[in-house]
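# Descriptive structure summary
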Amino acid sequence: MREILEVNPIIGAIKNDENLEAVAKSDCDIVFLLNGDILNLKKIIEYLHKYDKKVFVHIDMISGIASNPVIVDYIKREVKLDGIITTKTNIVKRALELNLNVVQRFFFIDSMSLENAIESLRKVKPQAIEIMPGIMPKIVKRINKTYPNIPIICGGLIDEKEEVINILSCGAMAVSTTDKSIW
């Protein structure tokens, strides 16, 4: 995961089909798929793979998928994706057991959510974490100091080039954004 992020730190995140073609033709190597359902997931991933994109599916946001860890087994076997994104530690644990790339997403709203994230990272070590909202350099620095071997991706509310530069300079390895002008 680290190697992919070092080559191209901008991740195209899409939350609707309208941006599917744009992200496919973008310079992004990685795509975070934030929409879809169990019926169209395979088709979308196959389309993005034709453009040599690595596709990470946010399984918490895909309609028709339950948060039971067995879904990871199904997705790995049937959908042929490159990795998953989830907020759920039990899903991260199962993905790691199956040697599937996983990005654990954390939302920070207060000091308690930060402590909960640090505790979760003590239990499981995903290939990368995503911090939401991504415009929090102080949090990036703290987590990077505590877990320097886990790549940090920042996402959410990032829509200016200066924000990308600032976040990367604070220790994040990549930025995910739905803003096509940054792709």
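Refer to the preceding data block for the structure.
Let me sum up the structure you'll find in this document. (Residues numbered from 1 in each chain as written. Predicted model: local features only at pLDDT ≥ 70, side-chain atom pairs only at ≥ 80, totals over all residues. Heavy atoms only, no water.)

### Quick notes on the overall build of the protein
If you tally the helices and strands in the protein, you get eight helices and eight strands. Across its three principal directions, the C-alpha atoms of the protein cover 40 × 35 × 25 Å. Out of the 183 residues in the protein, the part that is buried amounts to 50%. The long-range share in the protein, meaning contacts at least 24 apart out of those at least 6 apart in sequence, stands at 55%. A total accessible area of about 9000 Å² is found for the protein, and carbon and sulfur atoms account for 51% of it. Side-chain charges in the protein split into 24 positive and 24 negative, and the spacing between the mean points of these groups amounts to 5 Å. (Helix = DSSP H or I, 4+ residues; strand = E, 2+ residues; numbered from the N terminus. Buried < 20%, exposed > 50% of the residue type's maximum accessible area, 1.4 Å probe, protein only. Contact = heavy atoms within 4.5 Å. Areas by Shrake-Rupley, 256 points an atom, 1.4 Å probe, with all protein chains shown as cover. Lys, Arg positive; Asp, Glu negative; His and termini not counted. Charge placed at Lys NZ, Arg CZ, Asp CG, Glu CD.)

### Concerning the side chain of N8
Tracing the sequence through the fold places N8 in the loop between α1 (2–7) and β1 (10–14). You can call N8 buried: its relative accessible area is 14%. If sequence neighbours within four positions are ignored, N8 has contacts with D27, C28 and D29.

### Here we look at the packing of aromatic side chains
Counted under the stated rule, the structure contains three aromatic pairs. Note on F32 and F56: the rings are 5.9 Å apart at their centroids and 55° apart in plane angle, and the pair reads as tilted. Residue F32 is found in strand β2 (residues 30–33), and its partner F56 is found in strand β3 (residues 54–58); the two are separated by 24 residues along the sequence. The buried category is assigned to F56, whose relative accessible area is 0%. (Phe/Tyr/Trp six-rings, centres within 6.5 Å; stacked < 30°, edge-to-face > 60°.)

### Quick look at the side chain of S26
Within the secondary structure layout, S26 lies in the loop between α2 (20–24) and β2. Judged by its relative accessible area of 14%, S26 is buried. A polar contact is formed between the side chain of S26 and the backbone oxygen of V23, at a distance of 2.8 Å. Excluding residues that lie within four positions of it along the chain, S26 makes contacts with K53 and W183. (Polar contact = N/O pair within 3.5 Å; in protein donor to acceptor, adjacent residues only side chain to side chain.)

### Here we look at the pattern of salt bridges
Under the defined criterion, the tally for this structure stands at nine salt bridges. A salt bridge links D60 to K88, with the nearest nitrogen and oxygen atoms 3.8 Å apart. Highlighted residues: D60 in the loop between β3 and α4 (70–78) and K88 in the loop between β4 (83–86) and α5 (89–97), separated in sequence by 28 residues. Note on K88: relative accessible area 28%, which makes it partly exposed. Across the pair K93 and E97 runs a salt bridge whose closest N-O atoms are separated by 3.9 Å. Within this pair, K93 and its partner E97 are both found in helix α5, separated by four residues, close to a single helical turn. The class of K93 is partly exposed, set by a relative accessible area of 47%. What emerges from the salt-bridge pattern is a single network uniting D73, K93, R94 and E97. (Salt bridge = Lys/Arg side-chain N within 4 Å of Asp/Glu carboxyl O.)

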